[in-house]
Amino acid sequence: MELEAKVYIVGSGPGDPDLITVKGLKILEKADVILYTDSLVNPVLMERAKKDALIFKSAGMNLEELVDCMEEHVKSGKSVARMHTGDPAVYGAIYEQMKKLKQRGIAYQIIPGVSSVFAAAAAAEVELTIPELTQTVILTRAEGRTPMPEKEQLKDLAAHHCSIALFLSATLIKKIVKEFLEAGWNEEDAVVVVYRASWPDEKVVRTTLGSLDETMRKEGIRKQAMVIISKAADEALLEEGTFESKLYDKSFTHGYRKGESV
Ligand code: SAH
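Residues numbered from 1 in each chain as written. Predicted model: local features only at pLDDT ≥ 70, side-chain atom pairs only at ≥ 80, totals over all residues. Heavy atoms only, no water.

Chemist: Break down the domain arrangement of the protein for me, with residues and values.
Modeler: Segmenting the protein into domains produces domain 1 (7–114) and domain 2 (117–239). Computed over C-alpha atoms only, the centres of domain 1 and domain 2 are separated by 29 Å. Here domain 1 meets domain 2 over a buried area of about 780 Å², counting both sides, of which 71% is carbon and sulfur. If you sort the residues of domain 1 by the area they bury against domain 2, P14, V90 and Y91 come out on top, with a joint share of 55%. In this structure, the connection of domain 1 to domain 2 is made through zero salt bridges. (Domains from an automatic or database assignment. Buried area = accessible area lost by both parts, 1.4 Å probe. Salt bridge = Lys/Arg side-chain N within 4 Å of Asp/Glu carboxyl O.)

Structural data, given as structure tokens:
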């Protein structure tokens, strides 16, 4: 693929450089200019950039500087790859970038990536949607400096008792536990925390709501963690029951297979 003079907003994946998409990597390899957050995107990926690519670290830039940099290069005919962590659509702060790019008449395209929620589920070997147990996943965060909309209070979301994945919340554990207990969860309910999913120092910690705060402190996890609270992460519960998808059930007919009558 030939790159155009525009901004490519690329999901770089959760950390492991092999977890970027083929398309994302092609763009990274061909881009004239690359902007990336060095604290979150694996710097190893930058070794794939072409020799004469201009590489900027964006951590120290504000939104205006970031967009100025994109504008300058796109208007001089260059392709710009803006590398985001995970998938850009969740907590990527891309809306404000897109808005400014649009205002300035600069074209952009978004390339999805593997979100850390899925890298965390993979590391913990959890299916977030187990039939008859939970069929819904809520991606959310605890309220910190960014206020939560009134109708999205954790207590109300937790009342659904489905799989809940918490981003950006490792330092807000007490609040999370309190709200889940208020919503009717039990102290014994399973929680899996994945620290730096897919990085070499990844850690998978299995605990319960009641022990979550102490476990996080003991493990020293204060950032880059995905907290998954779900019955689907409860190994003891899964052991007890038989929760199986109808998709592979012998008697279940679907578009690709006729079920046996029983
Ligand atoms: N767009 C990103 C999320 C950015 S917000 C994505 O799709 O993954 C940053 C938060 O994502 C962190 O606070 C943490 O909760 C989570 N996160 C990012 N990388 C992670 C990783 N490798 N392992 C676990 N959690 C991660």
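And the narrative resumes.
Chemist: Run through the site of the ligand, naming residues and quoting values.
Modeler: By nearness alone, 17 residues border the ligand, and V90, S115, S116, A197 and A225 come closest of all. One of the backbone nitrogen or oxygen atoms of T85 is found 2.9 Å away from a nitrogen atom of the ligand. At 2.7 Å from a nitrogen atom of the ligand is found a main-chain nitrogen or oxygen belonging to V90. Its free accessible area being 540 Å², the ligand has 93% of it covered by the protein chains. Residue classes in the shell around the ligand are distributed as 10 nonpolar, five polar and two charged. Counting only domains with at least three residues in the shell around the ligand, you end up with domain 1 (7–114) and domain 2 (117–239). (Near = heavy atom within 4 Å. Polar contact = N/O pair within 3.5 Å; in protein donor to acceptor, adjacent residues only side chain to side chain. Areas by Shrake-Rupley, 256 points an atom, 1.4 Å probe, with all protein chains shown as cover. Nonpolar A, V, L, I, M, F, W, Y, C, P; charged D, E, K, R; others polar.)

Chemist: Describe the packing of helix α6 (residues 173–182) against helix α7 (residues 212–219), naming the residues involved and giving the relevant values.
Modeler: It is at 9 Å that the axes of α6 and α7 come closest, and there the two elements cross at 160°. For the element pair α6 / α7, the angle class is roughly antiparallel. For the crossing formed where α6 meets α7, the hand is right-handed. Note on element contacts: α7 touches α6 through L212, D213 and M216, opposite I173, K174 and V177. (Axes fitted to C-alpha atoms, helices over the stretch in contact; angles between N-to-C directions. Helix = DSSP H or I, 4+ residues; strand = E, 2+ residues; numbered from the N terminus. Parallel < 35°, antiparallel > 145°, perpendicular 65-115°, else oblique. Left-handed = near helix turned anticlockwise from the far one by under 90°. Contact = heavy atoms within 4.5 Å.)

Chemist: If you had to explain the packing of aromatic side chains to someone new, which residues and values would you point to?
Modeler: In total, this model carries two aromatic pairs according to the counting rule given. On the numbers, 5.1 Å between centres and 50° between planes, the contact of Y91 with F167 is tilted. Here Y91 is found in the loop between β4 (80–84) and α3 (94–103), whereas its partner F167 is found in strand β7 (residues 163–167), with 76 residues between them in sequence. In this structure, R196 is placed above the aromatic ring of W199, and the distance from its NZ or CZ to the ring centre is 4.1 Å. A cation over a ring is seen here: K231 above W185, with NZ or CZ 5.7 Å from the ring centre. (Phe/Tyr/Trp six-rings, centres within 6.5 Å; stacked < 30°, edge-to-face > 60°. Lys NZ or Arg CZ within 6 Å of the ring centre and 35° of its normal.)

Chemist: Tell me about the sheet that holds strand β10 (residues 225–229), and name the residues and values.
Modeler: Spatial ordering of the open sheet is given by β6-β7-β10-β8-β9, a layout of five strands whose pairing is mixed. Since the sheet does not close on itself, it has two edges, and those belong to β6 (137–141) and β9 (203–208), each with one partner. Between one strand axis and the next, the sheet turns through 20° on average, direction left out of account. One ladder, built from three bridges, connects β7 with β10; its direction is antiparallel. (Pairing = 2+ DSSP bridges.)

Chemist: Can you tell me about the pairing of β4, naming the residues and giving the values?
Modeler: In terms of burial, β4 is a largely internal element, five of the five residues being buried. Here β4 shows two buried faces, one formed by V80, R82 and H84 and the other by A81 and M83. Where strand β1 (residues 7–11) and β4 come together, five bridges link them in parallel fashion. Pairing of I9 across the sheet is with R82, part of β4. Note: strand β2 (residues 33–36) against β4, four bridges, orientation parallel. The residue bridging I34 from the neighbouring strand is A81, located in β4. (Buried < 20%, exposed > 50% of the residue type's maximum accessible area, 1.4 Å probe, protein only.)

Chemist: I'd like a rundown of the nonpolar core, residues and numbers included.
Modeler: Counting 27 residues, the largest nonpolar core has L166, I176, F180, V193, L212, V227 and I229 as the members making the most contacts within it. Contributing elements (two or more residues each) for this core: α5 (154–158), β7, α6, β8 (190–195), α7 and β10. By residue number, the principal contributor to this core is α6, which donates four residues. Apart from residues no more than four positions distant in its own chain, L212 is found in contact with I173, V177, V191, V193, T207 and V227. (Core = buried A, V, L, I, M, F, W, Y, C linked by side-chain atoms within 4.5 Å.)

Chemist: Can you tell me about the packing of helix α2 (residues 63–75) against α3, naming the residues and giving the values?
Modeler: Taken N-terminus to C-terminus, the directions of α2 and α3 make an angle of 50°; their axes are 10 Å apart at the nearest point. The orientation of α2 relative to α3 falls into the category oblique. In the packing of α2 onto α3, the handedness of the crossing is right-handed. On α3, the residues touching L63, E64, L66, V67 and M70 of α2 are E96, Q97, K100 and L101. In terms of residue class, the contact of α2 with α3 is made up of five nonpolar, one polar and three charged.

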